[in-house]
Amino acid sequence: LSTIGMENHLRNGAYFRARYTDPKLPTYLGINEHYKRVQVYARSTDKDRTLMSAESMLSGLFPPESNNLTSPLTVWQPIPVHTVPLPNEPLLDGAPSNCGAWAKSLPDVTMKNEVFISFMEDNANATSAILEVSGVPYQSDQWILFHEITSIYDTLFCEKSHNFTLKPEFVASKLYDLVTPYSEMFWKLWTEVLTEKLKALSGGVLLHELKERVVRAVNETDDIKLVLLSGHDTTLAGILTTLGVYDGIQTPYATVIMLELWRRDSGDYEVTLSQHHQEDELVVFQMPGCNKTGCSLEQFHKLNQQYELTEKQYFAHCQDSWPDFVPGLSKNVIFMLLCLMSLIFVSLTTTLTVCVYRLRAASSLHGHGSVYRIFA
């Protein structure tokens, strides 16, 4: 993880600290301002940059206090981050290349898609120019060729974001401008190309996990108030797709997506989905079948159930089979729940954070609940 990425995660951690630990704010969640092991659980994919993202985020959320320091040399609060090897990671891998069904079906589906076919045909001259300047060899397989070009974009985008000097021949040929449409097409795969099966493999386990976490938090069967999950930009694309709001555009660095469920003074529940990005104004999403401000609790639990997968179902489907399944409905809850999912895409990572908190009332918000946060 770059220094810029660390700093962005630290700032986002500080943002959530101010938003959710200040009892003077209506968004106060009752989370202790000092780290408590029983309140926080963090998990990351098994990549250095996502592990470092989780650690940076937690450092901003729980800065060291004098009574927490293990020695005079300690300048940060150590917080454990759990992980599992990527081949065994169905929760946070939004583009699961280790899944046989994904690896086999995605190229086949893409190569037959009219949007993709037209894109490659319309950009044949640009493809030739990109290969000539970059030195990447031509591939007769259009999917492999497309993947190679998007990899060039990833490298150039990272270098530009960190103010690195590009090779003169890359600048003269406007290579970055040439490869940008290919990256834009890549992110459109989630909206234009993926089948129902592939969408479920991308974000279905995480969608199911969010709903299950909500039920457990409301029923007070779990003491954890904050769950941090660190993943990738494809993690973000997958969960936003299964939530029905993904627009097919790559998420900017340092983005935070918040999924919150509130109990109003009327006693009704409302789940809201919004986006925080640095100093930009908060953007509120409208989830399918819900009003502009959010979903009722029942609407949220019924949202896109066709995509929900348990981990057991996921691994079964990854064997190139797709048995029928009918995900069970989540239980209704009678206590206030605040479910936050913040996704942060910083540097080479995207942070999807889901948190579960107990919320103490202020203004029109009151009751108690839990929050989950996932980021990379």
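Computed from a prediction, not measured in an experiment: that's the story for all the values here.

## Description of the overall build of the protein
Secondary structure summary: the protein contains twelve helices and nine strands in total. Counting the 376 residues in the protein, one finds 55% classified as buried. For the protein, the accessible area works out to roughly 16700 Å², and carbon and sulfur atoms hold 52% of it.

## Remarks on unusual backbone geometry
Even without being a glycine, Asn163 presents a positive backbone phi close to 60°. A relative accessible area of 69% means that Asn163 is categorised as exposed. In this structure, Gln278 is a non-glycine residue whose phi angle is positive, near 50°. Tracing the chain through its elements places Gln278 in the loop between strand 5 (269-277) and strand 6 (283-285).

## Quick word on the packing of aromatic side chains
Considering all chains together, one arrives at 14 aromatic pairs under this definition. With centroids separated by 5.3 Å and ring planes inclined at 80°, the aromatic side chains of Tyr314 and Phe315 adopt a geometry described as edge-to-face. Chaining the aromatic ring pairs together yields one cluster made of Phe116, Phe119, Trp143, Phe146 and Tyr182. Above the ring of Tyr176, the side-chain terminus of Lys160 is found at 4.8 Å from the ring centroid.

## Details of the pairing of strand 1 (residues 40-45)
For strand 1, the tally of buried residues reaches five of six residues, placing the bulk of the element in the interior. Across five bridges, strand 1 lies against strand 3 (residues 226-230) in parallel orientation. When the bridges of strand 3 are listed, Ser44 appears paired with Ser230. One ladder, built from three bridges, connects strand 1 with strand 2 (residues 82-84); its direction is parallel. Looking across to strand 2, one finds that Thr45 is bridged to Val84.

## Digging into the confidence of the model for the protein
Mean pLDDT over the protein works out to 81, with 82% of the residues at or above the 70 mark. When the criterion is pLDDT under 50, residues 321-370 qualifies, and its contacts beyond four places in sequence or with other chains add up to 267 contacts.

## So, the pairing of strand 5
The buried fraction of strand 5 is high, at eight of nine residues. Note: strand 4 (residues 255-263) against strand 5, nine bridges, orientation antiparallel. Bridging across to strand 5, Val256 finds its partner in His276. Sheet topology note: the strand 5/strand 6 ladder contains three bridges and is antiparallel. The partner of Ser274 across the bridge, within strand 6, is Val284.

## As for the side chain of Glu308
Summarising the element assignment, Glu308 is placed in the loop between helix 11 (297-302) and helix 12 (311-317). When its relative accessible area of 1% is taken as the criterion, Glu308 is described as buried. There is a polar contact of 3.1 Å between the side chain of Glu308 and the side chain of His208. Side-chain polar atoms of Glu308 contact the side chain of Lys211, separated by 2.9 Å.

## Here's the deal with the state of the cysteines
Counted according to the given criterion, the structure contains two disulfides. Paired through a disulfide, Cys290 and Cys295 show a sulfur-sulfur distance of 2.0 Å. Judged by the sign of its S-S torsion, about 95°, the cystine formed by Cys290 and Cys295 is right-handed. Each of the two residues, Cys290 as well as Cys295, counts as buried. Sequence-ordered numbering of the bonded cysteines in the protein gives a disulfide pattern of 1-4, 2-3.

## Section: helix 9 (residues 196-218)
The largest bend in helix 9 is about 55°, located at Gly203. Counting buried residues along helix 9, 19 of its 23 residues qualify, which places the element largely inside the surrounding structure. Positioned one or two residues after helix 9, Glu220 has a phi angle of 60°, which is positive.

## Digging into the nonpolar core
Phe146, Trp190, Leu201 and Met287 are the most contacted members of the largest nonpolar core, which totals 69 residues. Looking at this core, the element that brings in the most residues is helix 8 (residues 175-193), giving ten residues. Those residues in contact with Trp190 that sit more than four places away from it in its chain are Gly94, Trp102, Lys199, Ser202, Thr234, Ala237, Gly238, Thr241 and Tyr246.

## A closer look at the environment of His9
Along the chain, the position of His9 falls in helix 1 (residues 3-21). For the pair His9 and Met57, spaced 48 residues apart in sequence, the C-alpha to C-alpha distance is 4.7 Å.

## Structural notes on the packing of helix 1 against helix 2 (residues 48-61)
Interhelical geometry of helix 1 versus helix 2 gives an angle of 40° and a closest axis separation of 6 Å. When the axis of helix 1 is compared with that of helix 2, the two are oblique. In this structure, the crossing between helix 1 and helix 2 has a hand that is right-handed. Residues Met6, His9, Leu10, Asn12, Gly13, Ala14, Phe16 and Arg17 of helix 1 pack against Met52, Ser53, Ser56, Met57, Ser59, Gly60 and Leu61 of helix 2. A per-class count over the contact of helix 1 with helix 2 returns seven nonpolar, seven polar and one charged.

Rules of the game
- Residues numbered from 1 in each chain as written.
- Predicted model: local features only at pLDDT ≥ 70, side-chain atom pairs only at ≥ 80, totals over all residues.
- Heavy atoms only, no water.
- Helix = DSSP H or I, 4+ residues; strand = E, 2+ residues; numbered from the N terminus.
- Buried < 20%, exposed > 50% of the residue type's maximum accessible area, 1.4 Å probe, protein only.
- Areas by Shrake-Rupley, 256 points an atom, 1.4 Å probe, with all protein chains shown as cover.
- Phe/Tyr/Trp six-rings, centres within 6.5 Å; stacked < 30°, edge-to-face > 60°.
- Lys NZ or Arg CZ within 6 Å of the ring centre and 35° of its normal.
- Pairing = 2+ DSSP bridges.
- pLDDT = per-residue confidence, 0-100.
- Contact = heavy atoms within 4.5 Å.
- Polar contact = N/O pair within 3.5 Å; in protein donor to acceptor, adjacent residues only side chain to side chain.
- Disulfide = S-S within 2.5 Å.
- Bend = angle between axes of the 7 residues up to and from the residue.
- Core = buried A, V, L, I, M, F, W, Y, C linked by side-chain atoms within 4.5 Å.
- Axes fitted to C-alpha atoms, helices over the stretch in contact; angles between N-to-C directions.
- Parallel < 35°, antiparallel > 145°, perpendicular 65-115°, else oblique.
- Left-handed = near helix turned anticlockwise from the far one by under 90°.
- Nonpolar A, V, L, I, M, F, W, Y, C, P; charged D, E, K, R; others polar.

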